Amino acid sequence: MTDTGMPTGPVRAVRAVRGAIQLDVDQRDHVLSSTRELVTAVMEANDLTTDDVISIVFTATPDVHSEFPAVAARELGMGDVPLMCTQELDVAGAMPRVIRLMAHVTTPLTRQEITHVYLRGAAALRRDLAQ
């Protein structure tokens with residue numbers, strides 16, 4: 001803190017981080033392990049801790065119904081983070097078995113410095129952003 005009571009250090013802003021992963025199959029254990037992989041990759045790529053996460057919205061394509069992706073985030077210690085799951089639009093020809101996330105976080109990174117993470121087949125969704 002400065003003598004004015006203002007915190008020192010880098011200025012933090014609220015940012016949205018996106019990510020997606022394509023599943024091999026719709027099976028509970030695979031949904032959970034794949035979602036943990038995605039959440040972990042997003043956190044590591046942006047140097048985030050659980051305390052930095054404001055909330056996460058997960059979507060799943062209509063062919064994923066064996067488990068809620070939020071369960072995997074809770075398993076990673078996000079028990080006090082607001083999490084929501086919803087169904088992705090059922091668009092003809094869309095990539096099957098995809099879990100997406102949008103995490104709202106506080107970070108010193110600028111919007112241009114945020115790393116969005118697209119894993120496995122989902123890399124084809126955003127070739128401009130994929131890792």
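Report follows, based on the coordinates. Only a predicted model underlies this, so the values are computations on that prediction, with no experimental measurement involved.

Reading the values: the criteria
- Residues numbered from 1 in each chain as written.
- Predicted model: local features only at pLDDT ≥ 70, side-chain atom pairs only at ≥ 80, totals over all residues.
- Heavy atoms only, no water.
- Helix = DSSP H or I, 4+ residues; strand = E, 2+ residues; numbered from the N terminus.
- Buried < 20%, exposed > 50% of the residue type's maximum accessible area, 1.4 Å probe, protein only.
- Contact = heavy atoms within 4.5 Å.
- Areas by Shrake-Rupley, 256 points an atom, 1.4 Å probe, with all protein chains shown as cover.
- Core = buried A, V, L, I, M, F, W, Y, C linked by side-chain atoms within 4.5 Å.
- Pairing = 2+ DSSP bridges.

1. Focus: the overall build of the protein chain
So, point 1. Scanning the protein chain from terminus to terminus reveals two helices and five strands.
So, point 2. Along the protein chain, from the amino end to the carboxyl end, the secondary structure elements read β-α-β-α-β-β-β.
So, point 3. Considering the protein chain as a whole, with its 131 residues, one finds that 36% of them fall into the buried category.
So, point 4. Pairs at least 24 apart in sequence give 83% of the contacts found in the protein chain among residues at least 6 apart.
So, point 5. When the accessible area of the protein chain is evaluated, it comes to approximately 7,400 Å², of which 53% is carbon and sulfur surface.

2. Side note on the nonpolar core
Inside soluble globular proteins, nonpolar side chains tend to come together where they are buried.
So, point 1. Formed by 26 residues in total, the largest nonpolar core has its most connected members in Ile56, Phe58, Met78 and Leu101.
So, point 2. Contacts of Leu101, omitting those with residues within four sequence positions, involve Val17, Arg18, Gly19, Leu38, Val39, Val42, Ile56, Val57 and Phe58.

3. Comments concerning unusual backbone geometry
So, point 1. Of note, the phi angle at Asp47 is positive, near 50°, even though the residue is not glycine.
So, point 2. Inspection of the secondary structure assignment puts Asp47 in the loop between helix H1 (28-45) and strand S2 (53-60).
So, point 3. In this model, Arg120 sits at a positive phi of 55°, which is unusual for a non-glycine residue.
So, point 4. Within the secondary structure, Arg120 sits in the segment after strand S5 (117-119).

4. Structural notes on the pairing of strand S1 (residues 13-22)
So, point 1. Bridge count between S1 and strand S4 (residues 98-107): 10 bridges; the pairing is antiparallel. In the strand pairing of S4, Gly19 is matched with Leu101.
So, point 2. Pairing of S1 with S5, which is carried by three bridges, proceeds in the parallel orientation. What sits directly across from Gly19, in S5, is Val117.

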